[in-house]
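Results of the structural survey
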Amino acid sequence: MTRSFWQRRHQVADRVADVAIVGGGIIGCATAFWLHRLCPHLRLILLEARALAEGASGRNAGFILPGASADFLKDCSRYGEARTRRLWQFTRENRNLLLRELDPAAFDWEDSGALIVAGSAEEEKRLQEAVALLRSDGIPVIFLTAAEVNRRLQARGYRGGLYLPEGGCLDPVALVRHLAARSEATVLTHHPVLALSPCSGGVLLETPYGVVRAGQVLLALNAYLPRLLPETAAYVRPVRAQMLATEPARPRWVPCPVYSHDGFFYLRQLSDGTLLVGGARHLHLEEEVGYEDVTTEALQADLERYLHAYFPQSEGLQVHCRWSGTMGFSPDGLPVVSQISGLDGSYWAAGFTGHGMGYGFRMGRLLAELLLGRPCPEGYDLFACNGRPAFTLETTP
Ligand SMILES: Cc1cc2nc3c(=O)[nH]c(=O)nc-3n(C[C@H](O)[C@H](O)[C@H](O)COP(=O)(O)OP(=O)(O)OC[C@H]3O[C@@H](n4cnc5c(N)ncnc54)[C@H](O)[C@@H]3O)c2cc1C
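For the structure given in this document, a descriptive report is provided here. (Residues numbered from 1 in each chain as written. Predicted model: local features only at pLDDT ≥ 70, side-chain atom pairs only at ≥ 80, totals over all residues. Heavy atoms only, no water.)

The omega torsion across R250 and P251 is -5°, close enough to zero to call that bond cis. Looking at the secondary structure, you find P251 in the loop between β12 (237-246) and β13 (258-260). With a phi angle near 55°, N222 is a residue other than glycine that sits in the positive phi range. Accessibility expressed as a relative area gives 18% for N222, which makes it buried. Non-glycine residue A280 carries a positive phi angle of around 65°. By secondary structure assignment, the location of A280 is in the loop between β15 (275-279) and α9 (297-310). (Helix = DSSP H or I, 4+ residues; strand = E, 2+ residues; numbered from the N terminus. Buried < 20%, exposed > 50% of the residue type's maximum accessible area, 1.4 Å probe, protein only.)

Given below as structure tokens:
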């Protein structure tokens, strides 16, 4: 690649910041927001390889759900009850902070609640059993029978499930842009960071257009992190997810986000009637890995089959848009946060495993507190890298 005289003349050579944030998704932008909120005089630079929200943060369903999987008992069997309760509180705080600290209208927040619907009799039993535990933690929840679920959704064939009034959904691109604007960071899009190295006073970040010197750095690169820090491949792997959007359907059948079959299918309907459907990855596990941004006929056909099976009235709707996104999966399904070795006071955060919107805004505060030198901010022990399982050559996400 060559660069012209003019491009060089206007390049951002030798910028200086107190904190450089790399990655313009929900995690990077939320951290920039909180750094500015907690310490307004900091000079912040946010570097993004493409455009803001060009990665998973701009390709998701926009569901804001609690916990690691929105299934309390499943989380308990994986992480233990005490840790699960704290994870759920962390994600509840995420939602509460979004509504308290920001202008929800700026990202089309829908305070609709969310339905977690079972795909099997066993899942239905598990969801029902979670009700008492959730209520004992102050989490509002209602168990709905299959008939009640289908009536609410004007659907047929769904099993029973949970209605979580605190769930909701939003426009993820609008949220990321809102956070970046509110952070007052200098945002450098189309600036991939190519390398990091220690320098006097902090870190040197190399981009194709010049270097940035910063006191500290946060890498919020999701699945792309191992490309910059190869040793992190033990904690994050790329996994593909696909979605589709139909033409607007009237009237609106689906009043809130629906997360079904252990989260392997998800669906919502926008106020203009557009249906968004995603999932089916469990039917194509071998293919749905890696960084390639493509859709596949077979998986897209499964999404349409799901839609038509539960909403026969959707037969004949045109699909207006199909897309994929790259998620960063961690070995145990929880986000991972770590110091960057050799760079004092600098961190990476990745591995949000398909739930980054549910954690992101609260996680931004945690990361900002770490960057500001607070030794053990609330929640850090839930996500700290030390002692956590790592991927081996054989493990598949
Ligand atoms: C189809 C789909 C549906 C999903 N649905 C939901 C949902 O409904 N709810 C939910 O909670 N989660 C959902 N997720 C997961 C969620 O989107 C992610 O967990 C979250 O967006 C991760 O945010 P991030 O900021 O870590 O990563 P990203 O949004 O991927 O941001 C990382 C950024 O880093 C940039 N970058 C990479 N390398 C470099 C470099 N060298 N220099 C500079 N920049 C670089 C990338 O361009 C990218 O913009 C979904 C994901 C997908 C793909």
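What the second largest pocket holds in volume is close to 240 Å³. Lining the second largest pocket are 16 residues, with L170, D171, P172, R268 and L270 positioned closest to its centre. Of the residues belonging to the lining of the second largest pocket, the class tally is 7 nonpolar, 4 polar and 5 charged. (1 Å grid on protein atoms, 1.4 Å probe; cavity = no way out; pocket = protein on both sides within 12 Å on 5 of 7 lines; lining within 4 Å. Points joined across faces, edges and corners; volume = space filled by probe spheres on them. Nonpolar A, V, L, I, M, F, W, Y, C, P; charged D, E, K, R; others polar.)

Further remarks concern the packing of helix α4 (residues 81-101) against helix α10 (residues 356-371). Between α4 and α10, whose axes approach to 8 Å, the crossing angle comes to 80°. In terms of orientation, α4 and α10 fall into the roughly perpendicular class. Taking contact as the criterion, the partners of L87, F90, T91, E93, N94, L97, L98 and E101 in α4 are, on α10, M357, G358, Y359, G360, F361, R362, M363, R365 and L366. Of the residues contributing to the contact of α4 with α10, the split by class is 9 nonpolar, 4 polar and 4 charged. (Axes fitted to C-alpha atoms, helices over the stretch in contact; angles between N-to-C directions. Parallel < 35°, antiparallel > 145°, perpendicular 65-115°, else oblique. Contact = heavy atoms within 4.5 Å.)

Let us look at the site of the ligand. Surveying the vicinity of the ligand reveals 36 residues, the closest of which are E48, S57, V193, N222 and M357. At a separation of 3.0 Å, a nitrogen atom of the ligand approaches a polar backbone atom of A49. Contacts to the ligand include G358, whose backbone N or O atom sits 3.0 Å from an oxygen atom. In isolation the ligand has 1,000 Å² of accessible area, and contact with the protein removes 95% of it. Counting residues per element, the ones that place at least two in the shell around the ligand are α2 (26-38), β12, β16 (319-329) and α10. Take the shell around the ligand: its biggest share by element is 3 residues, from α10. The class makeup of the residues in the shell around the ligand is 19 nonpolar, 14 polar and 3 charged. (Near = heavy atom within 4 Å. Polar contact = N/O pair within 3.5 Å; in protein donor to acceptor, adjacent residues only side chain to side chain. Areas by Shrake-Rupley, 256 points an atom, 1.4 Å probe, with all protein chains shown as cover.)

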